[in-house]
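Given next are the chains, with one letter for each unit.
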Amino acid sequence: MQFMLLFSRQGKLRLQKWYVPLSDKEKKKITRELVQTVLARKPKMCSFLEWRDLKVVYKRYASLYFCCAIENQDNELITLEIIHRYVELLDKYFGSVCELDIIFNFEKAYFILDEFLLGGEAQDTSKKNVLKAIEQADLLQECCMTDTVSQSFSMV
Amino acid sequence: MPAVSKGDGMRGLAVFISDIRNCKSKEAEIKRINKELANIRSKFKGDKALDGYSKKKYVCKLLFIFLLGHDIDFGHMEAVNLLSSNKYTEKQIGYLFISVLVNSNSELIRLINNAIKNDLSSRNPTFMCLALHCIANVGSREMAEAFAGEIPRILVAGDTMDSVKQSAALCLLRLYKASPDLVLMGEWTSRVVHLLNDQHMGVVTAAISLITCLSSKNPDEFKTCVSLAVSRLSRIVSSASTDLQDYTYYFVPAPWLSCKLLRLLQCYPPPEDGAVKGRLVECLETILNKAQEPPKSKKVQHSNAKNAILFEAISLIIHYDSEPNLLVRACNQLGQFLQHRETNLRYLALESMCTLASSEFSHEAVKTHIETVINALKTERDVSVRQRAADLLYAMCDRSNAKQIVAEMLSYLETADYSIREEMVLKVAILAEKYAVDYSWYVDTILNLIRIAGDYVSEEVWYRVIQIVINRDDVQGYAAKTVFEALQAPACHENMVKVGGYILGEFGNLIAGDPRSSPLVQFNLLHSKFHLCSVPTRALLLSAYIKFINLFPETKATIQEVLRSDSQIRNSDVELQQRAVEYLKLSSIASTDVLATVLEEMPPFPERESSILAKLKKKKGPGAVTVELEDGKERGELNGGGDRGGDAAIAASNASTPSPSADLLGLRSTAPVSGTTPSAGSLLVDVFSEAGPSATSAGVNDDGFLSSAPPTVASEDPAPPLPESDELLNKFVCKNNGVLFENQLLQIGIKSEYRQNLGRMYLFYGNKTSVQFVSFNTTVSCPGELQSQLNVQTKTVEPLVEGGAQVQQVINIECLTDFIDAPLLNIKFRYGGALQNISLKLPVTINKFFQPTEMAAADFFQRWKQLSQPQQEAQKIFKASHGMDTEVLKAKLLGLGTALLENVDPNPENYVCAGVIQTKAQQVGCLLRLEPNAQAQMYRLTLRSSKDTVSQRVCDLLAEQF
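Since this is a predicted model, take the numbers as computed values, not measurements. (Residues numbered from 1 in each chain as written. Chains lettered and ligands numbered in written order. Predicted model: local features only at pLDDT ≥ 70, side-chain atom pairs only at ≥ 80, totals over all residues. Heavy atoms only, no water.)

K.L.:
Would you take a moment to explain the overall build of chain B for this structure?
P.N.:
Helices and strands together make up the secondary structure of chain B, namely 42 helices and 16 strands. Per-residue burial over chain B gives 55% buried out of 962 residues. Carbon and sulfur atoms make up 51% of the accessible area of chain B, which totals about 41000 Å². (Helix = DSSP H or I, 4+ residues; strand = E, 2+ residues; numbered from the N terminus. Buried < 20%, exposed > 50% of the residue type's maximum accessible area, 1.4 Å probe, protein only. Areas by Shrake-Rupley, 256 points an atom, 1.4 Å probe, with all protein chains shown as cover.)

K.L.:
I keep staring at the overall build of chain A and nothing clicks. Help me out?
P.N.:
A count of helices and strands for chain A gives five helices and seven strands. Counting helices and strands in the order they occur from the N terminus, chain A gives β-β-α-β-β-β-α-α-α-β-β-α. Burial statistics for chain A: of 156 residues in total, 60% are counted as buried. Sequence-distant contacts, at least 24 apart, represent 48% of the contacts inside chain A between residues at least 6 apart. Total accessible area on chain A stands at roughly 6500 Å², and carbon and sulfur atoms take up 55% of it. (Contact = heavy atoms within 4.5 Å.)

K.L.:
Before we go on, may I ask you to explain the sheet that holds strand β10 (residues 834-841) of chain B in this structure?
P.N.:
Think of a sheet as strands paired side by side through backbone hydrogen bonds, with each pair either parallel or antiparallel. Residues and elements named next belong to chain B. Strand order across the open sheet formed by three strands is β6-β9-β10, with antiparallel pairing between neighbours. Two strands lie at the open edges of the sheet, namely β6 (773-781) and β10, each paired on one side alone. Along the sheet, successive strands turn relative to each other by an average axial angle of 15 degrees, direction set aside. Looking at chain direction, β6 and strand β9 (residues 824-831) are connected through seven bridges and run antiparallel. Bridge pairing in β9 links T779 to N826. (Pairing = 2+ DSSP bridges. Axes fitted to C-alpha atoms, helices over the stretch in contact; angles between N-to-C directions.)

K.L.:
For this particular structure, what's the right way to read the confidence of the model for chain A?
P.N.:
Low pLDDT means the predicted coordinates in that region are not meant to be read closely. All names here are of chain A. In this model, chain A carries an average pLDDT of 87, and 90% of its residues clear a pLDDT of 70 or more. Across chain A, strand β5 (residues 64-70) holds the top mean pLDDT of 96, while helix α5 (residues 127-155) sits lowest at 63. Counting interchain partners and residues more than four positions distant, the pLDDT-below-50 stretch residues 145-156 has three contacts. (pLDDT = per-residue confidence, 0-100.)

K.L.:
When you look at the interface of chain B and chain A in this model, what are you seeing that I'm missing?
P.N.:
Many structure descriptions define interface size as the accessible area lost when the parts assemble. Listed per partner, the contact involves 78 residues of chain B and 69 residues of chain A. In this assembly, chain B packs against chain A so that about 6500 Å² is buried in total across both faces, 57% of it on carbon and sulfur atoms. Taken together, chain B and chain A are joined by five salt bridges. B:R929 is the salt-bridge partner of A:D53, the closest N and O atoms lying 3.7 Å from each other. Joining chain B to chain A, the criterion identifies 27 residue pairs in polar contact (both at pLDDT 80 or more). Within the side of chain B that touches chain A, the residues separate by chemical class into 38 nonpolar, 22 polar and 18 charged. (Buried area = accessible area lost by both parts, 1.4 Å probe. Salt bridge = Lys/Arg side-chain N within 4 Å of Asp/Glu carboxyl O. Polar contact = N/O pair within 3.5 Å; in protein donor to acceptor, adjacent residues only side chain to side chain. Nonpolar A, V, L, I, M, F, W, Y, C, P; charged D, E, K, R; others polar.)

K.L.:
Could you clarify how one ought to interpret the pairing of strand β2 (residues 13-18) of chain A in this entry?
P.N.:
Note on strand geometry: in a regular strand, side chains alternate between the two faces of the sheet. Residue and element names in this part refer to chain A. Burial runs high along β2: five of the six residues are buried. Here five bridges tie strand β1 (residues 3-8) to β2, and the two strands are oriented antiparallel to one another. Looking across to β2, one finds that M4 is bridged to K17. In sequence, β1 turns back onto β2 through a hairpin of four residues, with G11 there showing a positive phi of about 85 degrees.

K.L.:
I keep staring at the state of the cysteines and nothing clicks. Help me out?
P.N.:
Residues and elements named next belong to chain B. Following the criterion strictly, the structure yields zero disulfides over all chains and no others. Between C134, a cysteine without a disulfide, and C171, which holds the nearest cysteine sulfur, the sulfur-to-sulfur distance is 9.0 Å. Residue classification places C134 among the buried positions, given a relative accessible area of 0%. (Disulfide = S-S within 2.5 Å.)

K.L.:
Explain the pattern of salt bridges to me, please; I cannot follow it from the model alone.
P.N.:
Where charged atoms of side chains with opposite charge meet at close range, the side chains can pair. Evaluation of the coordinates by the stated rule reveals 47 salt bridges over all chains. The residue B:E873 makes a salt bridge to B:R944 at a minimum N-O spacing of 2.8 Å. Of this pair, B:E873 sits in strand β12 (residues 873-879) while B:R944 sits in strand β16 (residues 938-945), placing them 71 residues apart in sequence. Accessibility expressed as a relative area gives 9% for B:R944, which makes it buried. Connected via shared salt-bridge partners are A:E50, B:R388, B:D391, B:E423, B:K427 and B:K865.

K.L.:
Explanation requested: the packing of aromatic side chains in the structure shown.
P.N.:
Two descriptors summarise a pair of aromatic rings, namely the distance from one centre to the other and the angle between the planes of the rings. For the coordinates displayed, the defined rule picks out 32 aromatic pairs over all chains. Here A:F7 and A:Y65 contribute two aromatic rings whose centre-to-centre distance is 5.5 Å and whose plane-to-plane angle is 15 degrees, an arrangement assigned as stacked. You can see A:F7 sitting in strand β1 and its partner A:Y65 sitting in strand β5, a full 58 residues away along the chain. Take A:F7: its relative accessible area is 0%, and that puts it in the buried class. Assessed through its relative accessible area of 8%, A:Y65 is described here as buried. Judged by centre distance (6.5 Å) and plane angle (45 degrees), the rings of A:Y58 and A:Y65 are tilted. Like A:Y58, the residue A:Y65 is buried in the burial classification. An aromatic cluster is built from B:F523, B:F530, B:Y545, B:F548 and B:F552, whose rings are joined through pairwise contacts. The positively charged end of B:K427 is found above the aromatic ring belonging to B:Y394, 5.3 Å away from the centroid. The ring of B:F732 has B:K735 sitting right over it, with the charged end atom 4.9 Å from the ring centre. (Phe/Tyr/Trp six-rings, centres within 6.5 Å; stacked < 30°, edge-to-face > 60°. Lys NZ or Arg CZ within 6 Å of the ring centre and 35° of its normal.)

K.L.:
Can you help me understand the sheet that holds β5(A) in this one?
P.N.:
The strand order across the open sheet formed by five strands is β2-β1-β5-β4-β3 (chain A), and the pairing between neighbours is antiparallel. Among the strands making up the open sheet, the edge pair consists of β2 and β3 (48-51) of chain A. Direction aside, neighbouring strands of the sheet carry axes that sit 20 degrees apart on average. Sheet topology note: the strand β4 (residues 54-61) of chain A/β5(A) ladder contains seven bridges and is antiparallel. Residue pairing for β5(A): A:R60 is matched across the bridge by A:Y65. Against the sheet, helix α2 (residues 76-94) of chain A engages β1, β2, β3, β4 and β5 of chain A, with an angle of about 40 degrees to β4(A). Contacts from helix α18 (residues 343-356) of chain B reach β3 and β4 of chain A within the one sheet, and its direction differs from that of β3(A) by about 50 degrees.

K.L.:
What's the story with the packing of helix α15 (residues 274-292) of chain B against helix α16 (residues 300-320) of chain B in this structure? I'm lost.
P.N.:
Any two packed helices are characterised by how steeply their axes cross, that is the angle between the axes, and by the distance between the axes. Residues and elements named next belong to chain B. For the pair α15 and α16, the least separation of the axes is 10 Å and the interaxial angle reads 135 degrees. Classified by the angle their axes make, α15 and α16 are oblique. In the crossing of α15 with α16, the sense of the turn from one axis to the other is left-handed. Between α15 and α16, the contacting residues are L280, L284, I287, L288, K290 and A291 on the first element and K306, I309, L310, A313, L316, I317 and Y320 on the second. (Parallel < 35°, antiparallel > 145°, perpendicular 65-115°, else oblique. Left-handed = near helix turned anticlockwise from the far one by under 90°.)

What follows is the structure in structure tokens.
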């Protein structure tokens, strides 16, 4: 996979993950073009399209479009399910995820994606294993949180 | 899991995000962001040291601002500080910032690498994973340099946690893709391959991506993975849907891993081991069988996962192209999908069938679906699906169904989307020509094409129809009649007027007997269109008119009147005015005989150009730059690609004058003849002045080659090629002229020119000594299979070469089919009694037969895609051995003989080229992409052509040039 973009029906970019080195300018150009192209498509159309020398696989969940660019030899259907699994992970983590969760907790969305996909390839496809990794990180996070809280108490 | 507390205590961040969301306008948003940036900047610059939490919060805000699309030019240092925090949450944000926003600030990279190093050696798996994620996300060369040695160790170590192994495998993959030269698997190869056997499915899933990438680049080293992959696949395919627990996805066991295993196997030919192959065939059959079983769930995820495996299995079957039974089953399965209610499946089935159509085993089976595919072309609501259907029709077309397919494509063209019309037009034109049995059908088709989609008919298409009509006299009368009828339409496309003007001007006489198309009627018809046409078409029509005067003297008065009118003879366009004046004059003063000679029917076009590559434009000319002796080896490389102007032909024809004193090396042309003073500055003369008299004694004896060939021992057999002959060959890949070889006695210069599949080479042998060479004899031979690939003819040279003189030899070369080796040139002569015996490789390389092909980006990518089978591609990644100057690169690529295409590659740093290799047997279209990485001083070169040997050879040749 070369990159993944999440954007809203209004065309606002919510998450971008690039697995190939590109300049910021190129990234912006690609994003602009692709968001336009995908938003212009009608609901019953097929989820794949050829774009430059890549294949684009996209799917809409509620108000959000999930869009992946893959190489020619990559499998379109399994990429659709990569998207679905990521949505499932977000859903499980946030508890029926909505666009706002991803806006306000964008860093979490990135962390979950990193646990699932690395360098554009699936790192682990088991929902349990990925969530376990995130949970462990959250545990570490929480004990740190209590640290800060107790510190601020002691300052008072 | 409990809902997450929003923002994890970073209240400030949540407030900021809300503020941004509440901004009513872009200006308000920018204002709010600038305020925040100022605030953060002052916090970072402030005297008070920030605690980790605040730092994290501000870094996170900066990240958010960046992701909104604004530039961030500070905060990197604070992010790096966070990396060494011992609080996970701070470290994590630090890493995220670095992953998203890293730039190659060397000072920072060093600090980042330090922090990563610490985390990698921390033995805390969570920290290790964070560090590995960061390396994988950034993937820069600096990181590869720092960690490419360490990560394989982590990957295969016995005590590494599974989660770390997974991250390590993919991290290594990313580094390998970015800097393959730095990732050396050597000693780890077999342990990495054995990760396919790992108990943990997650580890296998991650590792197989790495193994697939490594295998595709080094298939031999990794070939043991084939049997391991087959047995792993077989275990998954035969397992019940519940066996694999969490790796079962909507009742499908391990779909991702299955797809990746099938993909890995596509890097290899079918397994040789019978047992392994048997097991694999069984797996593929099981997968095909499962497709017929009723679904275990109605959810689309279930069918997607199941079909993902099925399509990947079909790809493997097509890749092997050796099991007719499986190929036909695959085709039947895809046939079912053609009518599936899921658009996605119809799309993929059409796409996959396109490749099946090219297999001899399944071509017929694919053809049985023609009606369904035609129906898809007519009824699909999604243009991308219709496009696939058109592609498939094109792929399944052969002599038996060409008429039907072309007719359907033509009728589709009437309503086709604008985005695909041009491509459709080309396809129709290609099929019509390729499968034309009777040419009247061909003419009808092309004229229809112009009628239906005139705007999309490129020049090449209408040129082509004219070429064919001129070359085939059995169709000329029909063409004249048809085009005459087509022109009757009240509104007809300008392209039709062009074809009409040309054809009636040549063959209007063939229909002039019919009073309905008498000469005057024809002329009036053409002239009625004149005023609606653009200048180039009007110019063409004027030429048609003068041809009419020759064909039909009775039209002379009418046409002269037209030419004489102010609107012609005083036309503001110079070209039109000139034609009108000249034609008028010609018609009034020339006798009928002269007129008949001048305006004779066009001679047949010399040779059929490939219709697929009808866009061929420029004829390849020989390089025409004088070779500078001194720089022949260094700068001279550029010469071949420099100037391809019209002077080339003149220079070449001068050089071909068979005069013994002809000298291509202009610098010294006068030296031996006119006796310029020895200090004239040419190398040859310098040799005279310095080593002149002593050359025969001391000077020459220093030459190892001389002393090793004393006269008595000298063999009369051609010597083996000099060790440096390959290197000499490489110097001429991108240029046609220069000094091929030089030692103390002899200098050999080359000038060559190539057209189509023919080449002519002039060799200039210069005697650098003052003593004559006797028994001078040269032979050219084609060793081994080259004999059947190249036809080389030489003329013998005079056996005596005077001191300081030069002789010329002409070699004619015909390329019969593509080839790899170079012909050998052997030179034997006696110098002062000693036999000299030198063998060199003659710089005839396959790329010399390139004809450049110009094409637009869309065509390029479409062809690129069509050549996507693994064996059609050759790729090399290599280190730059010269500078990476743009102009030098361009000159070399032009020198290769291809067209350098601008504005095609989305990345302006890259170069793409296209050309057709012309051999007698076939024409091989070839596409090239060169991706320089200035930072890494590396190149990636990718060649795609319709012939695997050509891709490989051109890739090998070119890789030595940079």
